[in-house]
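An overview of the molecular structure
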Amino acid sequence: MRIAVVGGGPGGLYFSILMRKIRPDCEVTVYERGAPADAFGFGVVFSDETLTVFEHADPETYSQIAERFTRWTDIDIHHRGFMTKSGGHGFSALGRRELLRILQERAVALGADLRFSCEAPPVSDLGWADLVVGADGASSAVRTALSRDFIPTLDRRHCRYMWLGTDLVYDAFKFFIAETEHGVVQAHAYPYDGRMSTFIVEMHERTWKRLGLGELSLEESVSWSSQVFAEALEGRRLFSNKSRWINFVTVRNRRWCTDNVVLLGDAAHTAHFSIGSGTKLAMED
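Residues numbered from 1 in each chain as written. Predicted model: local features only at pLDDT ≥ 70, side-chain atom pairs only at ≥ 80, totals over all residues. Heavy atoms only, no water.

1. Topic: the sheet that holds strand S17 (residues 261-263)
Using the following cut-off: Only when DSSP finds a minimum of two bridges between them are two strands counted as paired. Secondary structure elements are taken from DSSP: a helix is a run of H or I of four residues or more, a strand is a run of E of two residues or more, and numbering for both begins at the N terminus.
A sheet is described by the order of its strands in space; here six strands give the open sequence S8-S2-S1-S9-S17-S16, paired in mixed fashion. A single partner strand is all that each edge strand has here, and the edge strands are strand S8 (113-116) and strand S16 (257-258). Examined bridge by bridge, strand S1 (residues 2-6) and strand S2 (residues 27-32) share five bridges and lie parallel to one another. Of the residues in S2, the one forming a bridge with Ile3 is Val28.

Structure (structure tokens):
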């Protein structure tokens, strides 16, 4: 069996790992337009329930990931000078670049052919493959090419957000709510290693426009965010990583497969980052 995987993110890589485990005689070719070390965002987070699924699916990958985890159990909501704590949850996180490296090395060790800095051929040119896996994200080219079959619905939501990071290591999943003269701005933050935390700034489109953030450069937007959340950052910096103000798009598809083509991860569905499940869902797919 010959398989073409379009997209070398966590979902595409984990599929390649599991497929080579159960069918080591199959050929798996992964097309990834980015370089091996490319990674947008900062950290990714998993719940304890998800980790149990991963441990059973491939103990070798799980053990390598678990060795690098930062763990915590609380969610803290900061609003108007008060903090509300919700405990007993169980979260683990690590850097997205570190996760990709582990999955890449495991996939190669199992015999998958990973082709980086390589645009995937159009679906129409993948006739040699017995199976085509579209793991190419929310803007999936595979889904677009076969939209009449998948019947997607793309719902562009009404908030703007930006992925950032900070060198302040939090001890919980943090939600900071700030009230400005033009509307509410909130931040979602969580640690992912011993040096850094993810820090996502989000607000309604109306607030974003009233604040004039669309007219600012990336550096100015980062500086503005640092000022709004100065108390939450405790004097630490915010960092960008190919960051920009974007709208979350809710992706749904009436079908996830057609003939020998199947979608997984954000190509098939999206989940808002506030529940930290995008990478989890792609790998569980």
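Structure shown, so let's carry the discussion forward.
2. Considering the pairing of strand S11 (residues 173-180)
Of the strand pairs in this sheet, strand S5 (residues 75-79) and S11 are connected by five bridges, and their pairing is parallel. Bridging from a neighbouring strand, Asp76 pairs with Lys174 of S11. A loop of two residues connects S11 with strand S12 (residues 183-191), the two strands running antiparallel in sequence.

3. Some remarks on the environment of Gly87
The condition is simple: Relative accessibility decides the category of a residue: with a 1.4 Å probe and only protein chains considered, values under 20% of the type maximum give buried, values over 50% give exposed, and everything between is partly exposed. Any two residues having at least one pair of non-hydrogen atoms within 4.5 Å are treated as being in contact.
Tracing the chain through its elements places Gly87 in the loop between strand S6 (82-86) and strand S7 (91-95). Taking relative accessible area as the criterion, Gly87 reaches 47% and is therefore assigned partly exposed. Once the C-alpha coordinates of Gly87 and Phe54 are considered, the two residues, 33 residues apart in sequence, prove to be 24 Å apart. Setting aside residues no more than four positions away along its own chain, Gly87 makes contact with Thr73 and Asp74.

4. Here we look at the packing of aromatic side chains
Note the threshold: Centres within 6.5 Å are what make two rings of Phe, Tyr or Trp a pair, Trp counting through its six-membered ring; a difference in plane orientation under 30 degrees is then read as stacked, over 60 as edge-to-face, and the rest as tilted. A ring is scored as having a charge over it whenever the NZ atom of a lysine or the CZ atom of an arginine sits within 6 Å of its centre and within 35 degrees of its normal.
With the rule as written, the count across this model stands at 14 aromatic pairs. Between the aromatic rings of Trp72 and Phe173, the centroid separation amounts to 6.2 Å while the plane-to-plane angle is 70°, which identifies the pairing as edge-to-face. Of the two residues, Trp72 sits in strand S4 (residues 70-72) while Phe173 sits in strand S11, which places them 101 residues apart along the sequence. Given a relative accessible area of 5%, Trp72 falls into the buried group. Through successive ring pairs, a cluster of aromatic residues spans Trp72, Phe91, Phe173, Phe175 and Tyr190. Directly above the aromatic system of Trp208 lies the positively charged group of Arg160, at a separation of 3.9 Å from the ring centroid.

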